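Observations on the model geometry
As a plain string of letters, each chain reads:
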Amino acid sequence: MEESGSPRFRKLHFPVGLWINSPRKHFAKLGARWPSAASVKSTTSSDAASLPEAPSSVPSSLSHSTGSLAPPSPSPSPAFLRPRPANQQSRAKRLSHLFLRGRSNSDRDRAIGEHEREIWAHSATPSSHHYLPPASSNAPGLVKIYGDALSSGANYRSLLANMYSTSRQLIQQVITRYTERERENESEDTALQKYSPEDFLLCDVIGKPIQQPDGAIKWQTECRRSVASWECPLQLVDMWRPKDGFERRFEIQRLDEYEREEKEKERERERDGESYQGVRWRRSRMSSGGGPEEERGHRGRNTELRRSISDMNLSLRRRQGNVSNDPRRSGNAPNGQDRKNIVSMIATEGGEVTGSRSGGGETDRRTRQAEEEKDTCDLEVMSQSLILPPTDRPYFLLLQGYDQSKDFVLYIMAGHTHVFGRKPTFQEREMDRERERKGKRPLKVDTYLSAPDLLVRHLLIRRDTAVPEQPRGQALARPFRGGPVTLNGAPLYREAVLKPGDLLGLGSHFLFLYRDPRVTPAPPLALPPPWQGDMSTSYSPGGMTDRQEMLRLYLGSTESLLRFQAKHADALLQEIILKNSNPDSGGGALAPAYLLSLMIDYASKHLDPALLPQLLLKAANQIKGIVWDKIKEFGDKHPTQNSAEADVELPPPSMQKLSSDLRPLMFWMSNATELLNFFQVKVEAMEKEWEFEAPGDPVLSADMDTCSEALAQLDDVIMHTFQQCVYHLTKTLYSLLPALLDTNPFSSEEKKKGKAGAKDRDGNEGQGDEEEDVSTLPPTVAGLVDVYRCSLQLSREACLSPPLTSQTFGYLFFFTNTSLLNTLLERDSLFSWSRAVQIRTNLDLVLDWLQGAGLGDIASEFLKKLSVTVNFLCIPKTRLIQSSWSSLQEEHPLLNPSQLQHLLTHYKLGPTRAPPSSWAPPLGTELGGDIFESFLDHPPLILPNETPRLDLNQPIPSPELMKEVTRLRTFLWGLDHDELPANQRTRL
């Protein structure tokens, strides 16, 4: 047998140059009339017995083996090639020349030997072959050789050839033409690369041109085979024609690339199980060659033949058949005894051995022959099914499959990662190639399964070095997105631990038992098939009682868990949002965020991954809709003054009323912040789960877009609520800040007003905290501090996150600094030591209160420039007169030259005193800057990106939340309860 293999004998299609070398066995019973080329089907060692018996006048030696013509696997299917029709008179002549009547195997092999190509190419005149053209056709014709093996981007090369031009000669012509063209294009100094015809081969390709959507024509290959170097392509064209709808062309390819592609295809077919019958047929052909190795012609050279279990069993049975109990049969049986008459040695059900029997009618004989043939096939199958599982690596034992002819019993996990899937379609292969070109190589499938409901990549198993954090013997099973997988009967949506003895279900057909012989396996789990895993198995009174007790335990559990089915997700979302949309709903400040986090957490761990992005987006949209309504209600209560009402000044609202109206906005700003942090964690975990998915999967890209939109909606909620809160708080501050510059804290009148105001506040509010005590402050200063106090109280009641609280007060202090500094610079009447001391005292009272409330650091940072300016004005007059421009600028670097010049120019030294010359700025000092601060330089809002404060690994944190979680659990139980039949319902 050639190393390149032999084509399967499906039809008698013999190319030019075919040589025959066959044992007697396979055609010992050919009929009197040779069957037509279209009627003979695939024949194996077990099929010969089914051929009709023939008289001895028919030649008994024939082979399906081809020499150099045999194409490397895969061979072109006969469905695409058909012989050229011939008249009836040339039939006998064709057969006589093909089969070389009267010559034995060994004689013919020796005659052919090393000169077979020369004999078949030149021994017969053209007229002796029906498929050759007449002598007049010996004139050269054109043949197109396609391919870019020699020149990148080339389409085809037209060559002159005749009927006797071999493929080697055509390859040499292509090389010569290419070399000549390169010599013309290259300079004399450039060394031309030398090519050898042995490095290339010619391929006979069957396919058809396909028109692309853009109008281009693309060749689609159906099958191909390599053309031997001594074959004549034009003779092949004349003898073999493609099936209707297909075309043929010849392609030149590099030998190493062709062999590598064929090896890859062979490995794929071995994994798919498609090459099983081919391997079995080839082994049968090798074992039936007859004669020593050196007497089998060139087929035996450089080929090691190994007999399979099936062949050895058949040889044993032949010997046992020859020594049957019947002496007449054993004595008369020829050496080439037909397999149909071999005595069956298979034990029957009763423990007896079936032997040869004489006598009986023709019907009994045929019945016995049919039974013996069946037993023979059974023996072959059983002998090839004698397998032992591996002892050094895990494997999967098939419990249920889809196609018995393609499924194997064991699937061995050879590497540390193993991917189950199905064969990709043409479009899917093109998508994978496109990803590889972009540098995103998808995972390679190790085991192809035949079920149609599987994905191209369906399940990934990792073990040992691929998962170093797992103990030896434990693996991780991860289904690919959209692939239905069950583990021990329960749906598997995410990566889980796979232990020996676990049952894996893939799709609706395949069921595997995972085994690892390196460790002591756990006993197999007695579970129903995966498709029955959701069915209840016990409705007895005892089972009903157990379910009632489990339900009561679940409803009263403090575990942070909220179970629900995917079909009830929308109803649960509506129940959470509607019943917890206000700060006074009773669940606590973070009730919506906590309950929605419970829902999202359960969906991310136990439900279909496709549900999570949709839940995130729906929750964000619900929250945004509620917040927009709250902002509209707040705007109706606190209208913004427009240009038409500019003449009528609206009185500022009381801080108590403003604080009450701002509570819903601060409430939702706090909850949206917590949900944003929690959603970001879940999205990052979801992206990590996609690390083994096919890169660029449109489904995963759509899910990521959905998650990004959900996060953007929460961003909008936080920004709009923050904007509304700080706008109305600064609006109230704006009306109170000027009094800080005009009030004299040392006057007795202001102290009396302060004591009266303190009594009123103590009687009305009863504030007891030291940090919130404003009784000692002057009334104007106390009003300003009251804004900060209410803002701090709002943020604490709403449990606003510390980063967002800091940013809220940072904006308030920025506004206070900018507004007071601009007012101070604008009113030069305040540029005196006495007025500056009053302003400094009022400012210190405010800063002291903020320091006691825990806001001192933020206030000091944002009120720094106002403090520096007031400190400059508080410098004693005598010291200020003695200071120079450079020393003042060095001591007050926060003041720009324009501001420093403005303060010195308008400082009140006295009615007749002029500014000293030392205050004059040096020549070249830039004094064109603006003296006022801009409100546009406010700090930007930075959305928090921190670890969620809601820890779902801890028990439910408060009785209020426990009450709300119990209510939701009862609500979900009611939804499930209503869908069950009356005899299956569980009562509380």
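Residues numbered from 1 in each chain as written. Predicted model: local features only at pLDDT ≥ 70, side-chain atom pairs only at ≥ 80, totals over all residues. Heavy atoms only, no water.

1. Some points on the packing of helix α15 (residues 611–637) against helix α17 (residues 698–736)
Two quantities define a packed helix pair, namely the angle between the helix axes and the distance between the axes. We apply this condition: Only the stretch in contact is used when fitting a helix axis, every axis being a line fitted to C-alpha atoms; angles between N-to-C directions are given from 0 to 180 degrees. Only DSSP runs of H or I covering at least 4 residues are called helices, and only runs of E covering at least 2 are called strands; the numbering of each starts at the N terminus. When describing relative orientation, an angle under 35 degrees is termed roughly parallel and one over 145 degrees roughly antiparallel, while 65 to 115 degrees is termed roughly perpendicular and anything else oblique. We call a crossing left-handed when the near helix sits turned anticlockwise from the far one by less than a right angle, and right-handed when that turn is clockwise. All residues other than Ala, Val, Leu, Ile, Met, Phe, Trp, Tyr, Cys, Pro, Asp, Glu, Lys and Arg, Gly among them, are scored as polar; the first ten of these are nonpolar and the last four charged.
Where α15 contacts α17, the two axes come as close as 8 Å, and the packing angle between them is 20°. In terms of orientation, α15 and α17 fall into the roughly parallel class. Handedness of the crossing formed by α15 with α17: left-handed. Along the lines of polarity and charge, the residues of the contact of α15 with α17 split into 13 nonpolar, eight polar and four charged.

2. Focus on the sheet that holds strand β12 (residues 459–463)
The criterion, for reference: Note on pairing: DSSP must find at least two bridges between two strands before they are called paired.
Across the sheet, which stays open at both edges, the five strands sit in the order β11-β10-β12-β13-β16 with mixed pairing between neighbours. In the strand order of this sheet, the two ends are held by β11 (447–448) and β16 (496–498), each with one partner. In this sheet, β11 lies alongside strand β10 (residues 417–421) in parallel orientation, the contact comprising two bridges. Counted as the bridge partner of F420 is T447 from β11.

3. Considerations on the pattern of salt bridges
Charged atoms that come close allow side chains of opposite charge to pair. Rules: Whenever Lys or Arg places a side-chain nitrogen within 4 Å of a carboxyl oxygen from Asp or Glu, that contact is recorded as a salt bridge.
As enumerated under the stated definition, the model contains 39 salt bridges in all. In this structure, the salt-bridge partner of E495 is R462, at a minimum N-O distance of 2.6 Å. With E495 in the loop between β15 (490–492) and β16 and R462 in strand β12, the pair connects residues that are 33 residues apart, well separated along the chain. Between E933 and K865 there is a salt bridge, with its nearest N and O atoms 2.6 Å apart. Remark: K865 occurs in helix α24 (residues 864–873) and E933 occurs in the loop between α27 (897–905) and α28 (959–979); sequence separation between them is 68 residues. Linked through salt bridges whose partners overlap, the residues forming this network are R463, D464, D516 and R518.

4. Points about the packing of aromatic side chains
How we decide: Here the aromatic set is Phe, Tyr and Trp, taking the six-membered ring for Trp, and pairing holds for ring centres within 6.5 Å; pairs whose planes are under 30 degrees apart are stacked, those over 60 apart are edge-to-face, and all others are tilted. Only protein chains enter the calculation, and the probe is 1.4 Å; a residue is then buried if its accessible area is under 20% of its type maximum, exposed if over 50%, and partly exposed in between. Put simply, a charge is over a ring when the Lys NZ or the Arg CZ is close to the ring centre, within 6 Å, and near the line of the ring normal, within 35 degrees.
Applying the stated criterion across every chain, the model contains 18 aromatic pairs. Centre to centre, the rings of F408 and Y411 are 6.2 Å apart; their planes meet at 85°, and the pair counts as edge-to-face. Given a relative accessible area of 6%, Y411 falls into the buried group. Between F420 and F512 the ring centres are 5.4 Å apart and the planes differ by 35°, which places this aromatic pair in the tilted class. Here F420 is found in strand β10, whereas its partner F512 is found in strand β18 (residues 510–515), with 92 residues between them in sequence. A relative accessible area of 1% places F420 in the buried class. Exposure remark for F512: the relative accessible area of 1% places this residue in the buried category. One aromatic cluster is present, built from ring pairs that chain together F396, F408, Y411, F420, F510, F512 and Y514. Between the NZ or CZ atom of R249 and the centre of the ring of Y146, over which it lies, the distance is 4.4 Å.

Treat this as a map of the structure, not an account of what it does.
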